[in-house]
Amino acid sequence: MEPVRSFFDTPSPSRYSGALSWLLTTDHKRIGLMYLFVILFWFVVAMFLGGGMRLELMFRGRTLMGPESYNALFTLHGVIMVFLFIIPGIPAIFGNFFLPIQIGTDDVFFPRLNLLSWYLYIIGGLLALVTLFIGGPPDTGWTFYVPFSVGTQTNVSVAVFAAFVLGMASMLTGINFVTTVHRMRSEAMGWLQMPLFTWSIYATSWVQILATPVVAITLILIILERFLGVGLFDPARGGDPILYQHLFWIYSHPAVYIMILPGMGVISEVITVFARKPIFGYKAMALSSIAIAVVGSLVWAHHMYTSGMSDTAVFVFSLLTFLVAIPSAIKVFSWVATLYKGSILMTPPLFFSLCFIYLFSVGGLTGLVVGAAGADIHVHDTHFVVAHFHFTMFGGTGFAFFAALHHWWPKMFGRMYDFKRAYWAAVLITFGFLLHYIPMFILGLQGMPRRYYDYVAEFEAGNFVAGFGAVFMLVGLLLMLVNLLISLKRGTLAPSDPWGGTTLEWKTLSPPPLHNFVETPDIADYPYDFTDVVRDSSGDGGGV
Amino acid sequence: MKPAMDDRGKRLGMWLFLYTEVMLFGGLFVLYAVYFSMYASDFMAGGKELDRFFGTVNTVILLVSSLAVAASITAVQRNEKRASVVWLTAAILCGALFLINKYFEWSHKIHEGIYPGSDDLIYGEPGRNIFFGLYYIITGLHGIHIVIGMALLGVALLFTIKGRITGDNHVFLENAGLYWHLVDLFWIFIFPLFYLVL
């Protein structure tokens, strides 16, 4: 029998070859990989921007850059990391590549729309790049708060428009995935037979559809204000600046769940595969994704306790914020319970996932500190918030992203990477992470405000230490990426199921053929039944 | 199931998209609600300055255009290509008529010195400034949607003439029609909020 060719060798549509076979493809796998490399590019750019900020903060006074450059740096770091890395990261790369495979189909429902989303993403990125060179990079922070964003002379309009275009890309991807799950799912697969990664992408897509248009209109209003001066948010002209904050956070708080939910889905997959044990509480896991999506859409004003809104609002939003902790905790406890008495196989993706559980728990618990109306008054707009945010977004989503990279890399490229270097990278990143962000908690409690390029003498030690953490982290991240890229050339060929997974992506070849499956796959009654995996591997003492 | 044959899926995707449009305008309606509660009397005074005759005519025009789109879909389903083309053309012409009316309305107001950032508004009552600011933003965004809707109907018209939209395969026309109805529906809300606010 002729060997089945992978999607790398089978352009789709078949009339194109070379670069065009990628740039004009409608194959969800190729689009996923195109996202992968562009997103990694932006991640590295924003990583160095962040590193530059920390180097500036290592010593008091002006060392590397002045205040204007620092303002531009933290704005671009935020805008790029939020809109170009964290939000699209897991859904656009791994959602695109694996969601159709996990539900046993051959593509997303709207393949051409999928390609359009990629181009919108590219255009948004280019616009963000343009602001660096023309008219002065924006200095507002990624939240674009009025009145400053309307008054400042820098190139806010283009940056805001970039965010608008990126929002369109993310929204269209959401529409595509929801339709795909509803209409393309294998007929044998019921809702409670879907893998948890698919569940989490499905929940995320709903939040993208629900919330993104609100930020879209808010961003349009900023541009209109800058060009026409209507005064909708200007108190001197009858407007209300607090209303801007409400509109902004109605999207941007749900957006943090857009960022974390797919990460949670990844962790659920990785933990259950390497514990060789069905995920603890499958239904609770699936439903808690939806619960987070629903309740998380109703907590936006907890960013605004100090804005002067009514006490009733503060009370209600604080209560709702505490409620989100419940489904999040259900997930954390279920992951730990899955590991309990499992036949654990240690691998780099599992290692990243364990780091995730620890870091995300710290991020979640400190979230309760800032979610409590009283405590928040003390730490509002300090480095405590910066540390909390990075523990959830970087320690959470970032680490889940790295886990996903290592978990699915063999499937996407058909190559195994070097484990030893991957572990070293993971250790370096985690060590640097803790050294970097724990001092920020302390600095924040001491009262160091965020978004200043200089500080008073009391904060010297913490900032100095944090700088070293940043260096360790940068080295670790580069080592991780280089290790993965080397494997493309030198890695050993990956079998179709290197880990002993049970979901459908492990039932096909590595890398998969164009239509994902050689023959129609059987849908298991329950996606996480490891009986066969444990029996098969007990003879040779481990799967790999 | 292959997407090429799955009309239900295509309609589902369109409904999800329409939902995002509702949220887009929803953000503006929230602004309207908040500012109406702050400046109710200014809003009422502002509403009296708008031309109700023009507003009513435009409402009727859009309702007729929605009827035309619905009729064109029925015609396609009965394989009456000629009727469908006529109805679609009528709908697009209604859209154009609406925009022409809007153009005269806007230029009249701008001629009176009422436009965003004008001295009249900025140095007048804050509530009046907000009312007309919202008026221009909301009707402007709605006008852009009318243009997009006309473009979609135009493509549907072209497809119908070329025979790509037929009795068995008319989901594109249906989706374009859904979009057009939604844009009409927005106007049904915008009209009383600005012209009939008392």
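Chains are numbered independently. Their residues run from 1 in the order of the written sequence. Chain letters start at A and ligand numbers start at 1, both assigned in the order the entries are written. Given that this is a predicted model, residues contribute local features only at a pLDDT of at least 70 and side-chain atom pairs are listed and counted only at 80 or more, while totals for whole chains, interfaces and linings are drawn from all residues. Hydrogens and waters are ignored; side-chain quantities use all the structure's heavy atoms.

1. Topic: the overall build of chain A
Helix numbering and strand numbering both begin at the N terminus, where a helix is a DSSP run of H or I of at least 4 residues and a strand a DSSP run of E of at least 2. Scanning chain A for helices and strands turns up 16 helices and 0 strands. In terms of C-alpha radius of gyration, chain A reaches 23 Å, essentially the compact-globule figure of 24 Å for 544 residues. For chain A, the C-alpha atoms occupy an extent of roughly 75 × 50 × 45 Å along the three principal directions. The classification of residues rests on relative accessible area computed with a 1.4 Å probe and restricted to protein chains. Under 20% of the type maximum is buried, over 50% is exposed, and intermediate values are partly exposed. When the 544 residues of chain A are sorted by exposure, 62% land in the buried category. To be clear on the numbers: accessible area is Shrake-Rupley with a 1.4 Å probe, and residue cover counts the displayed protein chains and nothing else. When the accessible surface of chain A is split by element, carbon and sulfur atoms take 68% of a total near 19900 Å². His is not counted, nor are the chain ends; Lys and Arg add positive charge and Asp and Glu add negative charge. To locate a charge, the coordinates of NZ of Lys, CZ of Arg, CG of Asp or CD of Glu are taken. Side-chain charges of chain A comprise 27 positive and 29 negative groups, with the mean position of each set lying 5 Å from the other. Both definitions apply: the radius of gyration is a C-alpha atom measure, and the globule rule equals 2.2 Å times residues to the power 0.38.

2. Describing the packing of aromatic side chains
For this analysis, a ring pair means two rings from Phe, Tyr or Trp (six-membered ring only for Trp) whose centres lie within 6.5 Å, classed as stacked if their planes differ by under 30 degrees, edge-to-face if by over 60, and tilted for the remaining angles. Per the counting criterion, the structure on display carries 78 aromatic pairs over all chains. A ring pair is formed by F433(A) and Y437(A), whose centres lie 4.7 Å apart and whose planes are at 55°; its orientation type is tilted. Here F433(A) pairs with Y437(A), and both are found in helix 14 (residues 419-446), just 4 residues apart, close to one helical turn. On the numbers, 5.4 Å between centres and 50° between planes, the contact of F159(B) with F172(B) is tilted. Within this pair, whereas F159(B) is found in helix 6 (residues 126-162), its partner F172(B) is found in helix 7 (residues 171-194), the two being separated by 13 residues in sequence. According to the relative accessible area criterion, F172(B) is partly exposed, its value standing at 30%. Two conditions define a charge sitting above a ring: the NZ of Lys or the CZ of Arg must be within 6 Å of the ring centre, and it must be within 35 degrees of the ring normal. The ring centre of F159(B) lies 4.2 Å from the NZ or CZ of R164(B), which sits over that ring.

3. Brief notes about the pattern of salt bridges
Residue and element names in this part refer to chain B. Just to be clear on terms, a salt bridge is a Lys or Arg side-chain nitrogen sitting within 4 Å of an Asp or Glu carboxyl oxygen. Counted according to the given criterion, the structure contains 10 salt bridges over all chains. For R128, the salt bridge is made with E49, and the minimal N-O distance between the two is 3.0 Å. With a gap of 79 residues between them, R128 in helix 6 and E49 in helix 2 (residues 40-49) connect regions that are remote in the sequence. The partly exposed category is assigned to E49, whose relative accessible area is 31%.

4. As for the interface of chain A and chain B
Every contact between the two is made by 32 residues of chain A and, on the other side, 31 residues of chain B. For any pair of parts, buried area is found by adding up, for both, the accessible area (1.4 Å probe) each one loses once the two are put together. In this assembly, chain A packs against chain B so that about 2900 Å² is buried in total across both faces, 74% of it on carbon and sulfur atoms. Taken together, the connections running from chain A to chain B amount to 1 salt bridge. A salt bridge links R183(A) to D6(B); the nearest nitrogen and oxygen atoms lie 2.8 Å apart. We define a polar contact as two N or O atoms separated by no more than 3.5 Å, with the added condition that, inside protein, one atom must be a possible hydrogen donor and the other a possible acceptor, whereas residues neighbouring each other in sequence contribute only through side-chain atom pairs. Here chain A and chain B share 6 residue pairs in polar contact (both at pLDDT 80 or more) between them. Where the side of chain A that touches chain B is concerned, the elements lending two or more residues are helix 6 (156-183), helix 7 (196-228) and helix 8 (241-275) of chain A. The element best represented in the side of chain A that touches chain B is helix 7 of chain A, accounting for 10 residues. Contacts: residue pairs with any heavy atoms within 4.5 Å of one another.

5. Observations regarding a nonpolar patch on the surface
Residues and elements named next belong to chain A. Taken together, F59, F431, F464, F468 and F472 make up a surface patch of nonpolar side chains, about 470 Å² in accessible area. The biggest single contributor to the nonpolar patch is helix 15 (residues 460-490), with 3 residues. Structurally, F464 is set in helix 15. Excluding any residue in a salt bridge, patches collect residues exceeding 30% relative accessible area, merging like charges within 9 Å and nonpolar Val, Leu, Ile, Met, Phe, Trp and Tyr side chains within 5 Å.

6. Concerning the packing of helix 3 (residues 67-102) of chain A against helix 8 of chain A
All names here are of chain A. Note on method: axes are straight lines fitted to C-alpha atoms, helices fitted across the in-contact stretch only, with angles between N-to-C directions ranging 0 to 180 degrees. Between helix 3 and helix 8, the least distance of the axes is 10 Å, while the angle of their chain directions is 45°. Relative to helix 8, the element helix 3 lies oblique. In this structure, the crossing between helix 3 and helix 8 has a hand that is left-handed. Together, V82, I86, I87, I90, P91 and Q102 of helix 3 and Y251, A255, I258, M259, P262, G263, V266 and E269 of helix 8 make up the contact between the two elements. Comment on the angle field: the value is read as roughly parallel under 35 degrees, roughly antiparallel over 145, roughly perpendicular from 65 to 115, and oblique elsewhere. Each crossing gets its handedness from the near helix: less than a right angle anticlockwise from the far helix is left-handed, clockwise is right-handed.

7. Some points on unusual backbone geometry
Residue and element names in this part refer to chain A. With an omega of 0°, the peptide bond running from S12 to P13 counts as cis. Following the sequence through the fold, P13 ends up in the segment before helix 1 (20-23). Between V146 and the following residue, P147, the backbone shows a cis peptide bond with an omega angle of 0°. Structurally, P147 is set in the loop between helix 4 (111-133) and helix 5 (148-151). Even without being glycine, R276 reaches a positive phi, approximately 55°. Within the secondary structure, R276 sits in the loop between helix 8 and helix 9 (282-295). Of the residues examined, R276 reaches a relative accessible area of 7% and is grouped as buried. With phi around 65°, R451 is a residue other than glycine that occupies positive phi space. Within the fold, R451 resides in the loop between helix 14 and helix 15.

Remember that the coordinates give geometry; whether it matters functionally is a separate question.
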